[in-house]
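Here is what each chain is made of, one letter per residue.
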Amino acid sequence: MRATLLCISLLLVACAPQDSDPETEAQLARLTAELEAKVVEVEQSRQAIVRLEGEVRSLLDENTKLRSMVEVLRLKEDSNEALEAARAETRRYREGLERAVEELNRQARQPRPEASRQQPRESQRDASEPSDRNVFVREPYVYDDGQGTIQVEGTIHNTNDVGIGGYLEITLTVDGRYAGSTTLTLDLEPHTVHDYDYTFNAVTPSGLVRVTAVWGSGK
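The structure displayed is predicted, hence computed values, not measured ones.

(A) Expanded view of the packing of aromatic side chains. Under the definition given, this model contains 1 aromatic pair. Seen in terms of ring centroids, Tyr198 and Phe200 are 4.9 Å apart; in terms of plane orientation they differ by 80°. Their pairing is edge-to-face.

(B) View of the sheet that holds strand β7 (residues 209-216). Pairing within the open sheet is antiparallel, and its 3 strands lie in the order β5-β4-β7. Looking along the sheet, the strands with just one partner apiece sit at the ends: β5 (177-188) and β7. Across the sheet, the mean angle separating the axes of adjacent strands is 15° when strand polarity is ignored. Across 11 bridges, strand β4 (residues 164-174) lies against β5 in antiparallel orientation. Paired with Val174 across the two strands is Arg177, which belongs to β5.

(C) Molecular detail of the nonpolar core. One finds Ile156, Leu168, Ile170, Tyr196, Phe200 and Trp215 to be the most contacted residues of the largest nonpolar core, which totals 16 residues. Counting residues per element, the ones that place at least two in this core are β3 (150-158), β4, β5, β6 (192-200) and β7. Looking at this core element by element, the count peaks at 4 residues for β4. With residues up to four places along the chain from it excluded, the contact list for Ile170 reads Val152, Gly180, Ser181, Thr182, Leu184, Tyr196, Tyr198, Phe200, Val211, Thr212 and Ala213.

(D) Unusual backbone geometry, seen in detail. Of note in this structure, Asp175 is not a glycine but carries a positive phi near 55°. With respect to the element layout, Asp175 can be found in the loop between β4 and β5. Overall, Asp175 belongs to the partly exposed group, its relative accessible area being 36%. If you check the backbone angles, His191 has positive phi at about 50° while not being a glycine.

(E) Representation of the confidence of the model for the protein in the model. Mean pLDDT over the protein: 76, with 65% of residues reaching 70 or higher. Scored below 50 in pLDDT, residues 115-125 shows 3 contacts in the model against residues more than four places distant or in partner chains.

(F) Molecular detail of the pattern of salt bridges. If you walk through the whole model with that rule in mind, you get 1 salt bridge. Residue Glu43 is joined to Arg46 by a salt bridge in which the shortest nitrogen-to-oxygen separation is 2.8 Å. In this pair, Glu43 and Arg46 both sit in helix α2 (residues 22-109), 3 residues apart, roughly one turn of the helix. On the basis of relative accessible area, Glu43 is assigned to the partly exposed category, the value being 24%. Taking the relative accessible area as the measure of exposure, Arg46 reaches 46% and is therefore partly exposed.

(G) Broad picture of the side chain of Glu153. With respect to the helices and strands, the residue Glu153 is situated in strand β3. For Glu153, the side chain forms a polar contact with the side chain of Gln151, separated by 2.8 Å.

(H) Structural context of the environment of Thr192. For Thr192, the position within the fold is in strand β6. Along the primary structure Thr192 and Asn158 are separated by 34 residues, whereas in three dimensions their C-alpha atoms are 5.6 Å apart.

(I) Local environment of the environment of Arg210. For Arg210, the location among the structural elements is in strand β7. Taking relative accessible area as the criterion, Arg210 reaches 51% and is therefore assigned exposed. In this structure, Arg210 is in contact with Thr171, Leu172 and Thr173, ignoring residues within four places of it in sequence.

(J) Fine view of the environment of Gly176. Assignment of secondary structure puts Gly176 in the loop between β4 and β5. When the C-alpha positions of Gly176 and Leu208 are compared, they lie 7.6 Å apart, and in sequence the two are 32 residues distant.

Rules behind the numbers
Residues numbered from 1 in each chain as written. Predicted model: local features only at pLDDT ≥ 70, side-chain atom pairs only at ≥ 80, totals over all residues. Heavy atoms only, no water. Phe/Tyr/Trp six-rings, centres within 6.5 Å; stacked < 30°, edge-to-face > 60°. Pairing = 2+ DSSP bridges. Helix = DSSP H or I, 4+ residues; strand = E, 2+ residues; numbered from the N terminus. Axes fitted to C-alpha atoms, helices over the stretch in contact; angles between N-to-C directions. Core = buried A, V, L, I, M, F, W, Y, C linked by side-chain atoms within 4.5 Å. Buried < 20%, exposed > 50% of the residue type's maximum accessible area, 1.4 Å probe, protein only. Contact = heavy atoms within 4.5 Å. pLDDT = per-residue confidence, 0-100. Salt bridge = Lys/Arg side-chain N within 4 Å of Asp/Glu carboxyl O. Polar contact = N/O pair within 3.5 Å; in protein donor to acceptor, adjacent residues only side chain to side chain.

Given below as structure tokens:
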């Protein structure tokens, strides 16, 4: 900027008459001062523009981050709503199943006809033994939050006349490939419905997520 002022001042001096009077010199000095002031003003404006451009870029970056956060929150809200809806459906299913179990238990407590009471001892002994065939596992509900956490929830119905203890094997696959598993040890009371849940952490799904739950006790 100083070099520009010097060049402009030399140009003005070169263009001025050699035998200038004091009035002309004063006018020349005034014009030079005004020119210097304009150059300073232009430089300040340029610096202000550069600063504002930086602020605008910063605001645009912040806006992009905020929009991304809003999108993530919206997705989480939608996922939470879907999870609550699934849980409500599970509760309705469980309540209906429990009512059915209570009705079966009530009927089982009623006196049986004489013919039923005279069943062979071998059949009676078989009925008193728990069997895995009488344990039903509902297909688990899977909630994927998109952040590496997968939550599994479901129910088990023991229709045996006696309690049974065993294991629930929960397996996670992603795109058909094994991604993790766990084994829950459970004791199921006779003619009851049991809830189960498990959370897989640090999972990075890249496609189709599937969870299977299999009961087994060896009986």
